[in-house]
Amino acid sequence: MQIYILLTQKCNLHCSMCIRGKQSGDCISFSTLNSIFNRGDFDNHDIILTGGEPTLYNRLSGVAKLLSQTARIVSITTNGTDSNVIQELIGIKNVMFQVSLDGDKIAHDVIRGAG
């Protein structure tokens, strides 16, 4: 089973196709996540951490490390703009990253915003 967890609605880009339509917004609290994790069965499932931009969630590394202990795979869907968080998690064997790219620099910037 795939379980999607929306960590935050915040994002640092301005994508034309964004379904959220927000550049700021709420984040799920870590205590709420703990409650969910303690009630649910996440063992051997695929967990997808998403947002907005999940690397803007201030406890992403801790959440991913915690879930990686029991989940089959922890995937983080990211725009790839925060390499620090990616570097923190890259050595964990069942943590994966899905990075959004939309063509070359010019095409990508038209869709996602400059830079």
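Above this note sits the structure.
As a starting point, this report considers the structure included with it. The structure displayed is predicted, hence computed values, not measured ones.

According to the stated counting rule, one finds one aromatic pair in the structure shown. Both rings, one in phenylalanine 37 and one in phenylalanine 42, keep their centres 5.4 Å apart while their planes meet at 85 degrees; by these two values the pair is edge-to-face. The class of phenylalanine 42 is buried, set by a relative accessible area of 9%. Over the aromatic face of phenylalanine 30 sits the side chain of arginine 59, whose NZ or CZ is 3.6 Å from the ring centroid.

In this section: the nonpolar core. Formed by 20 residues in total, the largest nonpolar core has its most connected members in Ile5, Ile47, Leu49, Val63 and Leu67. Contributing elements (two or more residues each) for this core: strand 1 (2–8), helix 1 (30–39), strand 2 (46–51), helix 2 (60–68), strand 3 (73–78) and helix 3 (83–89). For isoleucine 5, the contacting residues outside a window of four places in its chain are Leu33, Phe37, Phe42, Ile47, Ile48, Leu49, Thr50 and Leu67.

Here we take up the sheet that holds strand 3. Read across the sheet, four strands follow the order 1-2-3-4 without closing on themselves; strand pairing throughout is parallel. The open sheet has two free edges, formed respectively by strand 1 and strand 4 (95–99), since each of these has just one partner strand. Adjacent strand axes in the sheet meet at a mean angle of 25 degrees, parallel and antiparallel pairs treated alike. Of the strand pairs in this sheet, strand 3 and strand 4 are connected by five bridges, and their pairing is parallel. The partner of threonine 77 across the bridge, within strand 4, is glutamine 98.

Further remarks concern the pairing of strand 3. Counting buried positions along strand 3 yields six of six residues, so the element is predominantly enclosed. Sheet topology places strand 2 next to strand 3; four bridges connect them, and they run parallel. Note that in strand 3 the partner of leucine 49 across the bridge is isoleucine 76. What joins strand 2 to strand 3 is helix 2, and the crossover it makes is right-handed. Since strand 3 and strand 4 lie parallel, the crossover through helix 3 that links them has a hand, and here it is right-handed.

Glancing now at the pattern of salt bridges. A full pass over the atoms with the stated rule returns two salt bridges. Here aspartate 109 makes a salt bridge to lysine 105, at a shortest N to O gap of 2.8 Å. With aspartate 109 and lysine 105 both in helix 4 (residues 105–112) and four residues apart, the pair spans about one turn of that helix. Relative accessible area serves as the criterion here: at 18%, aspartate 109 is assigned to the buried category. Of the residues examined, lysine 105 reaches a relative accessible area of 60% and is grouped as exposed.

The rules behind these values
Residues numbered from 1 in each chain as written. Predicted model: local features only at pLDDT ≥ 70, side-chain atom pairs only at ≥ 80, totals over all residues. Heavy atoms only, no water. Phe/Tyr/Trp six-rings, centres within 6.5 Å; stacked < 30°, edge-to-face > 60°. Buried < 20%, exposed > 50% of the residue type's maximum accessible area, 1.4 Å probe, protein only. Lys NZ or Arg CZ within 6 Å of the ring centre and 35° of its normal. Core = buried A, V, L, I, M, F, W, Y, C linked by side-chain atoms within 4.5 Å. Helix = DSSP H or I, 4+ residues; strand = E, 2+ residues; numbered from the N terminus. Contact = heavy atoms within 4.5 Å. Pairing = 2+ DSSP bridges. Axes fitted to C-alpha atoms, helices over the stretch in contact; angles between N-to-C directions. Right-handed = clockwise from strand over helix to strand, strands pointing away. Salt bridge = Lys/Arg side-chain N within 4 Å of Asp/Glu carboxyl O.

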